[in-house]
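# A structural walkthrough
So you can see what is in the structure, the chains are spelled out below.
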Amino acid sequence: MPSFKLRVNGRAVTVDSWDPAQPLLYVLRNTIGLHGPKFGCGLGQCGACTVLMDGKAVRSCSLPVKQAQGHAITTIEGLGSPEKPSPLQAAFIQEQAAQCGYCTNGMIMASRALLNETPNPSPDQVKQRLAGNLCRCGTHTRILSAVLRAAKA
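In this report, we go over the structure that sits alongside the text. Residue numbers here run from 1 along each chain, matching the order of that chain's written sequence. With pLDDT at 70 or above as the cut-off, local features in this predicted model cover only qualifying residues; side-chain atom pairs require 80 or more to be listed or tallied, and sums for whole chains, interfaces and linings still use all residues. The basis for the side-chain values is all heavy atoms of the structure; hydrogens and waters are excluded.

## Some points on the overall build of the protein chain
Runs of E in the DSSP output that reach at least two residues are strands. Runs of H or I that reach at least four are helices, and both are numbered from the N terminus. From N to C terminus, the protein chain includes six helices and five strands. Counting helices and strands in the order they occur from the N terminus, the protein chain gives β-β-α-β-β-α-β-α-α-α-α. As defined in this context, the radius of gyration uses C-alpha atoms, and a globule is described by 2.2 Å times the residue total to the power 0.38. What you see for the protein chain is a C-alpha radius of gyration of 15 Å, in line with the 15 Å of a compact globule of 153 residues. Counting only C-alpha atoms, the protein chain reaches 45 × 25 × 25 Å along its principal axes. By residue count, 42% of the 153 residues in the protein chain fall in the buried class. Each residue is placed in one exposure class: buried if its accessible area under a 1.4 Å probe, protein chains only, is under 20% of its type's maximum, exposed if it is over 50%, and partly exposed if it falls in between.

## Some words on the nonpolar core
Side chains that are nonpolar tend, in soluble globular proteins, to be buried together. Take the buried Ala, Val, Leu, Ile, Met, Phe, Trp, Tyr and Cys residues and link them wherever side-chain atoms come within 4.5 Å; each set so joined is a nonpolar core. In terms of nonpolar packing, the biggest core is built from 23 residues, with Phe-92, Met-107, Leu-130, Ile-143 and Val-147 touching the most fellow members. Put simply, the parts of the chain that give this core at least two residues each are α3 (87–94), α4 (104–117), α5 (123–130) and α6 (140–152). No other element matches the seven residues that α4 contributes to this core. Residues Leu-6, Leu-28, Leu-34 and Met-53 belong to the second largest nonpolar core, which totals 17 residues.

## A closer look at the environment of Cys-61
With respect to the helices and strands, Cys-61 occurs in the loop between β4 (56–59) and α2 (65–68). For Cys-61, a relative accessible area of 8% corresponds to the buried category. The spatial distance from the C-alpha of Cys-61 to the C-alpha of Phe-39 is 7.0 Å, given a sequence separation of 22 residues.

## Describing the packing of α3 against α4
Contact geometry of α3 with α4 gives a least axis separation of 10 Å together with a crossing angle of 130°. On the basis of the axis angle, α3 is oblique to α4. Crossing handedness for the pair α3 and α4: right-handed. On α4, the residues that touch Leu-88, Gln-89 and Phe-92 of α3 are Thr-104, Met-107, Ile-108, Ser-111, Arg-112 and Leu-115. Its residues assigned to classes, the contact of α3 with α4 shows five nonpolar, three polar and one charged. The axes are straight lines fitted to the C-alpha atoms, using for helices just the contacting stretch, and the angles between their N-to-C directions are given from 0 to 180°. Throughout this description, any angle smaller than 35 degrees is read as roughly parallel, any larger than 145 degrees as roughly antiparallel, any in the 65 to 115 degree range as roughly perpendicular, and the remainder as oblique. Crossing handedness: left-handed means the near helix sits turned counterclockwise from the far one by under a right angle, and right-handed means the same turn made clockwise. Any two residues having at least one pair of non-hydrogen atoms within 4.5 Å are treated as being in contact. Residue polarity follows a fixed list, in which Ala, Val, Leu, Ile, Met, Phe, Trp, Tyr, Cys and Pro are nonpolar, Asp, Glu, Lys and Arg are charged, and the others, Gly among them, are polar.

Given below as structure tokens:
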């Protein structure tokens with residue numbers, strides 16, 4: 001069985017996968033036990049599975065584990081913890097930017113990538129960056145407020 005070396009949330013991890021094309025999402029959830037990234041559409045269109053690869057937002061449901069090898073992968077668990085959330089996670093909590101919470105992982109990870117590139121984004125830049133992340137609960141205005149709050153923090 002092929003093995004793949006990844007750096008996940010700052011630690012070196014070697015995982016075995018029966019298929020080099022197996023989506024990174026399955027490896028993160030089923031092999032490593034990280035449940036922040038969610039399975040949404042399985043087509044890379046909803047954003048629920050978003051993680052950072054070398055600081056850039058990627059859809060882990062459509063990224064083969066083979067392509068993630070040798071890269072730094074950050075999941076929402078790598079940003080902060082319930083006891084000590086990152087400033088972005090804290091802003092989402094303060095703005096009550098989650099209803100059902102299913103999209104929250106993707107929204108936070110896409111926002112983190114945006115803030116990595118543009119520390120002080122405009123509301124339009126935030127809207128543009130998050131346009132590919134679907135939220136059916138309608139908390140978009142709170143999510144926007146949370147990202148702008150985190151940018152100021």
